[in-house]
Amino acid sequence: MYKFEPLLKQTLWGGNKIIPFKHLDTQLEHVGESWEISGVAGSETIVANGRYKGLTLNELVRTEQARLVGRNNYERFGDEFPLLIKFIDARQDLSIQVHPSDEVARRQGRSRGKTEMWYALESTPGAMLYNGLKQQITPERYQQMVADDTICDALAQYPVSEGDVFFIPAGRIHAIGAGCFVAEIQQTSDVTYRIYDFKRKDKDGHYRELHTREAAEAIDYTVLDNYRTSYTPQKNEGQQLVDCPYFTTAVYDLTEPMTIDYTELDSFVILIAVKGEGTITDDDEMLPLQAGDTILLPATTGRVVVEGEIKFLETFV
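Keep in mind the model is a prediction, meaning the values are calculated, not measured.

### Things to note about the overall build of the chain
At step 1: Per the secondary structure count, the chain includes 7 helices and 23 strands.
At step 2: Projected onto its principal axes, the C-alpha positions of the chain cover 60 × 40 × 40 Å.
At step 3: Residues counted as buried form 55% of the 317 residues belonging to the chain.
At step 4: Of the charged side chains in the chain, 32 are positive and 49 negative, and the gap between their average positions amounts to 5 Å.

### Some thoughts on the UniProt feature "active site" (unreviewed entry) in the chain
At step 1: According to UniProt, the "active site" (unreviewed entry) feature falls on Arg-194.
At step 2: Here Arg-194 shows up in strand 15 (residues 193-196).
At step 3: Of the residues examined, Arg-194 reaches a relative accessible area of 18% and is grouped as buried.
At step 4: Not counting the four nearest positions on each side in its chain, Arg-194 is found in contact with Ser-95, Ile-96, Arg-208, Glu-209, Leu-210, His-211 and Thr-212.
At step 5: There is a polar contact of 2.5 Å between the side chain of Arg-194 and the backbone oxygen of Glu-209.

### Some details on the sheet that holds strand 12 (residues 165-168)
At step 1: Spatially, 7 strands are ordered 2-3-7-14-9-12-16 in an open sheet, and the strand pairing comes out antiparallel. Edge positions in the sheet fall to strand 2 (7-15) and strand 16 (228-229), since each has one partner strand and no second.
At step 2: Sheet topology places strand 9 (residues 116-120) next to strand 12; 4 bridges connect them, and they run antiparallel. Note on strand 12: the bridge partner recorded for Tyr-119 is Val-165.

### Points about the side chain of Glu-64
At step 1: By the element assignment, Glu-64 lies in helix 2 (residues 57-64).
At step 2: Judged by relative accessible area, Glu-64 falls into the buried class, the value being 11%.

### Thoughts on the domain arrangement of the chain
At step 1: Structurally, the chain comprises domain 1 (2-229) and domain 2 (237-316).
At step 2: Look at where the C-alpha atoms of domain 1 and domain 2 centre, and you get two points 22 Å apart.
At step 3: The interface is formed by 38 residues belonging to domain 1 together with 32 residues belonging to domain 2.
At step 4: Here domain 1 packs against domain 2, burying approximately 2,900 Å² in sum over the two surfaces, 66% of which is carbon and sulfur.
At step 5: In this assembly, domain 1 and domain 2 are joined by 2 salt bridges.
At step 6: The partner of Asp-293 in a salt bridge is Lys-3, with the nearest N and O atoms 3.4 Å apart.

### Some remarks on the nonpolar core
At step 1: Counting 41 residues, the largest nonpolar core has Ile-96, Leu-133, Ile-137, Tyr-142, Ile-151, Ile-176 and Ile-195 as its most contacted members.
At step 2: With sequence-adjacent residues up to four places away left out, Ile-176 is seen in contact with Ile-88, Ala-90, Asp-93, Leu-94, Trp-118, Met-128, Leu-129 and Val-182.

### Focus: the environment of Arg-51
At step 1: Summarising the element assignment, Arg-51 is placed in the loop between strand 6 (46-47) and helix 2.
At step 2: With 49 residues separating them in the primary sequence, Arg-51 and Tyr-2 have C-alpha atoms 9.8 Å apart.
At step 3: A polar atom in the side chain of Arg-51 sits 3.2 Å from the side chain of Tyr-52.

### Overview of the UniProt feature "domain: Phosphomannose isomerase type I catalytic" (unreviewed entry) in the chain
At step 1: Cross-referencing UniProt, the feature "domain: Phosphomannose isomerase type I catalytic" (unreviewed entry) maps to residues 2-107 in the present numbering.
At step 2: End-to-end, the C-alpha atoms of residues 2-107 are 36 Å apart, and along that stretch the chain is 27% helix and 32% strand.

### Some remarks on the side chain of Lys-22
At step 1: By secondary structure assignment, the location of Lys-22 is in the loop between helix 1 (18-21) and strand 3 (31-37).
At step 2: Residue classification places Lys-22 among the buried residues on the basis of a relative accessible area of 10%.

### Re the packing of aromatic side chains
At step 1: Using the criterion set out here, one finds 8 aromatic pairs in the structure.
At step 2: With 5.4 Å between their ring centres and 65° between their planes, Tyr-196 and Phe-198 make a pair best called edge-to-face.
At step 3: According to the relative accessible area criterion, Phe-198 is partly exposed, its value standing at 27%.
At step 4: Judged by centre distance (5.0 Å) and plane angle (10°), the rings of Tyr-252 and Phe-312 are stacked. Taken together, the residues span a long stretch of sequence, with Tyr-252 in strand 18 (residues 248-254) and Phe-312 in strand 23 (residues 303-316) at a distance of 60 residues. For the pair Tyr-252 and Phe-312, a shared accessibility class is recorded, and that class is buried.

### Topic: helix 2
At step 1: Within helix 2, the full set of buried residues consists of Leu-57, Asn-58, Leu-60, Val-61 and Glu-64. Seen from one end, helix 2 has its buried residues packed into an arc of 155°, which puts them on one side.
At step 2: Gln-65 sits one or two positions beyond helix 2 and adopts a positive phi of about 50°.

How each quantity is defined
- Residues numbered from 1 in each chain as written.
- Predicted model: local features only at pLDDT ≥ 70, side-chain atom pairs only at ≥ 80, totals over all residues.
- Heavy atoms only, no water.
- Helix = DSSP H or I, 4+ residues; strand = E, 2+ residues; numbered from the N terminus.
- Buried < 20%, exposed > 50% of the residue type's maximum accessible area, 1.4 Å probe, protein only.
- Lys, Arg positive; Asp, Glu negative; His and termini not counted.
- Charge placed at Lys NZ, Arg CZ, Asp CG, Glu CD.
- UniProt positions renumbered as here; feature names shortened; annotations may be inferred.
- Contact = heavy atoms within 4.5 Å.
- Polar contact = N/O pair within 3.5 Å; in protein donor to acceptor, adjacent residues only side chain to side chain.
- Pairing = 2+ DSSP bridges.
- Domains from an automatic or database assignment.
- Buried area = accessible area lost by both parts, 1.4 Å probe.
- Salt bridge = Lys/Arg side-chain N within 4 Å of Asp/Glu carboxyl O.
- Core = buried A, V, L, I, M, F, W, Y, C linked by side-chain atoms within 4.5 Å.
- Phe/Tyr/Trp six-rings, centres within 6.5 Å; stacked < 30°, edge-to-face > 60°.
- Arc of directions from axis to C-beta.

Here it is as structure tokens:
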């Protein structure tokens, strides 16, 4: 079982929730993101425990290969770890964005696109986010609405409460609003097209770059009735939230010990603790597990026992 040193990202829009949530001893302010598990070039997380302590995630993949990620995943992704895990705390509204699909990204000269999901943590009362279109628009109409500052009128907006889930497949317009605190699971990709930034200026008095043309090609213009992922919370059993080609995610809310069997799963597993505390034990060791912790289980893991009153997300490919 592997833990990683969190990669803290200070941003102009970052809040003050991540440091206490992760029980970190630091005076850093305006931490907008904690990259928990990352193989993104230039932002790789470092193994924090065990015999591989000090290696980057990608060095760990190159060393352990299929033993870490699973046979099929290693054939599919090679030495690149396929998921990026973050906590995001927005003190201000983030820009309206879209991510391309793999196909569109390759057509635009990128290696891959980005599909992701959000699980809402304890956010500020009244926090809102955008996810998806609520009215039918064309690529031409989209560009006009960006130009005349009305693009938000076309977007579905949702209040955010702890435990809410939003799936954001590539092509879906979205934005995290002020006060939102979320765990994010996504493809390993940093490709983001900024659609609209509320006419804000940076510290030098300049508008941030928009990617209107690239985004017009990347947007999925389908309109749905509801973009919130519905599920029924249950105690002491896994509740599947998302199942897509890039990751499968469930939530567990435990009040009693549970044994989870991964012997038939040909994949690594990531556990993201979102509330409470407890322990996790495999055949070799026991580690503490509390809110803010993220643990990577290698594909060779058989069974684990999780004890304590703890809620966590489980994700794998």
